[in-house]
Structures are given as C-alpha cells and as structure tokens.
Amino acid sequence: MVGIFDSGVGGLSVWREIVGQAPHLHTTYVADQAHTPYGGRPTHEVRAASRGIARWLLERGCDVVVVACNTASAVALQTLRDEFPSLRFVGMEPAIKPAAALSRNKVVGVLATPATLDGALFETTIARLDASLTIVRQPCPGLAEAIEADAPVEALVARFLEPSRRAGADTLVLACTHYPLIRDTIQRLAGPAVRIVDPAEAVARQTTRVVESLGAPVERGLEASRNDFSTSGDPERFAQQVQRWLGKRMYVQGLRWRGETLRALASKSGSEREARNARPEPGV
Ligand code: DGL
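In this text the structure is predicted, and so the values were computed from the model without any measurement.

Conventions we followed
Residue positions are given per chain, counted from 1 along the sequence in the order it is written. Confidence filtering applies because this is a predicted model: local features only for residues at pLDDT of at least 70, side-chain atom pairs given and counted only at 80 or more, and all residues used for totals across whole chains, interfaces and linings. Computation of side-chain values covers all heavy atoms of the structure but excludes hydrogens and water. Exposure is judged per residue with a 1.4 Å probe applied to protein chains only, and the accessible area is read against the type maximum: over 50% gives exposed, under 20% gives buried, and values in between give partly exposed. Numbering of helices and strands runs from the N terminus, with a helix taken as a DSSP run of H or I at least four residues long and a strand as a DSSP run of E at least two residues long. Here, proximity means that at least one heavy atom of the residue falls within 4 Å of the molecule or strand. We call two N or O atoms a polar contact when they sit within 3.5 Å, provided that within protein one can donate a hydrogen and the other can accept it, with sequence-adjacent residues counted only if both atoms are side-chain atoms. Each accessible area is a Shrake-Rupley result for a 1.4 Å probe, and residues are judged covered by the shown protein chains and nothing else. Between 30 and 60 degrees the pair is tilted, below 30 it is stacked and above 60 it is edge-to-face, where a pair is any two Phe, Tyr or Trp rings, Trp via its six-membered ring, whose centres lie within 6.5 Å. Criterion for a charge above a ring: Lys NZ or Arg CZ within 6 Å of the ring centre, and within 35 degrees of the ring normal. Paired strands, as defined in this entry, are two strands with at least two bridges between them according to DSSP. Here the axes come from fitting lines to C-alpha atoms, over the contacting stretch only for helices, and the angles between their N-to-C directions go from 0 to 180 degrees. Note on contacts: a residue pair is in contact if any heavy atoms of the two residues lie within 4.5 Å. With a 1 Å grid spanning the protein atoms alone, the term cavity applies to any set of points in which a 1.4 Å probe fits but cannot get out, the term pocket to an open set with protein on both sides within 12 Å along at least five of seven lines, and the term lining residue to any residue with an atom within 4 Å of a point. Grid points are joined across faces, edges and corners, and a volume is the space filled by probe spheres set on the points. A side-chain nitrogen of Lys or Arg and a carboxyl oxygen of Asp or Glu constitute a salt bridge if their distance falls within 4 Å.

A. Spotlight on the pairing of strand E9 (residues 227-231). Counted residue by residue, E9 has five buried out of five residues, so it is predominantly covered. Taking every second residue as pointing to the same face, both faces of E9 are buried, with Asn227, Phe229 and Thr231 on one and Asp228 and Ser230 on the other.

B. Examining the site of the ligand more closely. Not every one of the 13 residues close to the ligand is listed here, only the nearest: Ser7, Tyr38, Gly39, Thr71 and His178. Interatomic distance of 2.7 Å between a backbone N/O atom of Tyr38 and an oxygen atom of the ligand. In this structure, a nitrogen atom belonging to the ligand sits 2.8 Å away from a side-chain N or O atom of Thr177. Protein coverage of the free-state accessible area of the ligand, which is 300 Å², stands at 99%.

C. Spotlight on the packing of aromatic side chains. For the coordinates displayed, the defined rule picks out four aromatic pairs. A centroid spacing of 5.4 Å and a plane angle of 50° characterise the contact between Trp15 and Phe229, whose relative ring orientation is tilted. With a gap of 214 residues between them, Trp15 in helix H1 (residues 12-21) and Phe229 in strand E9 connect regions that are remote in the sequence. For the pair shown, Trp15 and Phe229 are each scored as buried. A ring pair is formed by Tyr29 and Phe238, whose centres lie 6.0 Å apart and whose planes are at 15°; its orientation type is stacked. Remark: Phe238 occurs in helix H12 (residues 235-246) and Tyr29 occurs in strand E2 (residues 27-31); sequence separation between them is 209 residues. Residue class for Tyr29 comes out buried when judged on its relative accessible area of 0%. Taken together, the aromatic side chains of Trp15, Tyr29, Phe229 and Phe238 make up a single cluster linked through ring pairs. Over the ring of Trp56 we find Arg60; its NZ or CZ atom is 3.7 Å from the centre of that ring. When the ring centre of Trp245 is taken as origin, the NZ or CZ atom of Arg244, which lies over that ring, is 4.0 Å away.

D. Region of the structure containing the sheet that holds strand E1 (residues 2-6). Pairing is mixed across the open sheet formed by seven strands, whose spatial order is E4-E3-E1-E2-E9-E10-E11. At either end of the open sheet lies a strand with only one pairing partner, and these are strand E4 (88-91) and strand E11 (261-264). For this sheet, the mean inter-axis angle between neighbouring strands, taken without regard to orientation, is 25°. Where strand E10 (residues 252-258) and E11 come together, four bridges link them in antiparallel fashion. Opposite Arg258, over in E11, you have Thr261 as the bridge partner. Here helix H3 (residues 70-83) sits on the sheet in contact with E1, strand E3 (64-67) and E4, set at roughly 165° to E4.

E. The arrangement of empty space enclosed by the protein in detail. Scanning all chains against the criterion turns up three cavities of 30 Å³ or more. Computed from the structure, the largest cavity encloses a volume of approximately 90 Å³. Taken together, 16 residues line the largest cavity, and the ones lying closest to its centre are Ser7, Thr113, Ala144, Cys176 and His178. For the lining of the largest cavity, the element with the most residues is helix H7 (residues 143-148), which contributes three residues.

F. Highlighting the pattern of salt bridges. Evaluated as defined, the whole model comprises ten salt bridges. Taking the shortest distance from any N to any O, the salt bridge between Glu236 and Arg249 comes out at 2.9 Å. Taken together, the residues span a long stretch of sequence, with Glu236 in helix H12 and Arg249 in the loop between H12 and E10 at a distance of 13 residues. For Glu236, a relative accessible area of 38% translates into the label partly exposed. When salt bridges with common partners are traced through the structure, they connect Glu162, Arg165 and Arg166 into a single cluster.

Okay, here's the thing in structure tokens:
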C-alpha cells in the first residue's frame with residue numbers, strides 16, 4: 001500500500017498522477033491540516049510531523065510513502081529514511097534539471113515555499129547544474145495558504161511571477177505541490193510562451209517503479225484497489241476540498257495529534273468506507 005502525505009490539499013496533485021498512472025494501487029492519503037502551512041514552520045516541527053505521519057502510515061500497512069510535499073521533502077526526507085528503514089520513501093525534488101533541459105534561453109524561475117528554497121536539498125540540486133543556467137528563486141509566502149483556503153490567488157501569482165518575467169524566464173518550475181492545482185491561472189498570467197514544469201508525473205513514475213520493485217504488494221493492490229483519505233483537520237471540510245480538486249466525493253477519516261502521535265477519530269465501519277471510496281459517489 002502506498003501512503004501519500006502533505007500539509008493539506010497540495011499532495012492531491014501528486015495523488016492524481018499516481019492513481020492516473022497506476023489505478024490498481026491501494027493508497028492512503030494524509031493531509032496534516034492541523035499543521036498547515038509547513039512552509040513557514042521551523043525545521044524541527046516539520047520533521048516531527050513527518051515522523052508521526054510515517055509511523056501512522058507504517059502501522060496502517062504501507063510499504064511505500066510518498067512525501068508529496070516539497071517542504072517536508074526538503075527538511076525531513078533524510079531523517080525519515082534513517083528512522084524508518086523498513087519503508088521506501090519517494091520525495092519531491094525541485095525539477096530544475098528537466099526545466100533546464102526544456103528552457104531555450106537557460107533562464108528558469110522556481111516557485112516554492114520559503115522553507116523549500118532555504119533547504120539543503122535545493123542547494124544540492126542547484127550545485128549539480130550547469131553554471132551558465134540562471135535560476136530565479138521565488139519564495140511565495142501565502143500562496144499555498146490561499147490555495148488551501150480556496151481564496152483568490154491571482155494578485156499573489158501576478159506578484160510572484162514578476163521577477164521571473166523581468167529576468168526573461170521561459171520556463172517555470174512548480175516546486176510546491178499546491179501550485180499545480182492552480183496551474184491554469186499560473187499559465188494564463190505567465191503567458192502562453194512560458195513552459196511550466198510540474199514534477200508530479202516523474203514522482204508518480206518513480207512511485208510505480210518502487211512499488212513494482214517490491215513485487216508482492218502490487219499483486220495485493222491489484223485485488224483490492226482502494227483510496228483512503230484522512231486529515232488531522234476537519235474531515236468534512238477536507239472531503240469538500242477533495243471534491244473541489246479531484247471531482248470526487250470521498251469519505252474522509254478524521255485524525256488527531258496526541259503529542260507527536262496520530263490517532264484516528266471514531267469513524268464509519270470499514271466496509272462502508274470501502275464501498276464509498278472504491279468509486280466516485282453517484283452523480284459526481
Ligand atoms: N504542498 C507543500 C509543498 O510542496 C506545502 C505547502 C505548505 O504547507 O506550506 O511545499
């Protein structure tokens with residue numbers, strides 16, 4: 001089973017790629033909305049939350065965990081790999097290399113949370129690249145929060161695109177998983193000549209490869225394809241957000257933090273949950 005987590009709705013942009021490429025997989029999604037946004041939090045808090053979610057997913061029977069959040073990948077991925085050797089982790093990496101290959105003028109804008117751009121992973125990724133490449137680093141404080149709240153984003157996006165536009169960037173990397181959810185708005189404001197790179201497709205391919213390398217769990221998944229959704233925030237609100245971004249009405253399990261441990265709130269019976277999430281509800 002594949003666990004997928006983010007601070008909120010952003011990881012749904014990765015979930016839809018994974019399920020699009022491998023509809024047979026059994027997935028379980030955790031939105032840590034009690035801690036959203038991760039992007040403005042200190043490293044130790046994002047690490048503690050990521051660790052608690054990984055433990056929860058391990059207890060649910062996951063063998064692969066997709067850290068569908070650039071911020072958590074930047075600050076917690078190595079810790080997770082060190083502390084949970086029985087789990088295989090797939091993380092988000094700022095897709096600057098593919099963007100550099102696409103760019104004609106070698107000027108690439110990177111939109112991300114402040115924490116992602118400050119992280120060591122970003123510096124390591126940049127250091128591996130051709131020095132002739134110009135990278136416009138654009139922290140976007142408040143943008144993931146606005147997407148999370150389904151608030152207007154146009155003014156923020158226009159402001160955050162301005163430095164890349166002035167530098168003449170012909171390619172933009174969406175280095176926060178919330179941003180692909182408003183890709184059409186970003187494309188419209190950036191203009192049709194600008195190419196947009198979303199790493200979700202590559203992350204989904206990597207996830208499928210890792211699952212296949214484990215062999216048996218894929219076969220189990222084939223028999224029992226199912227998608228579970230859960231949140232440490234308000235389950236009804238998250239169900240509405242899932243419907244908004246995936247076009248599907250799904251049952252959402254409520255979770256609560258007790259210190260650094262996640263616990264499930266009382267929920268519907270397992271069979272009802274399975275029946276509801278095996279397929280979209282009628283009329284959706
Ligand atoms: N979706 C996340 C990311 O990729 C986190 C946004 C946030 O919580 O600040 O960075």
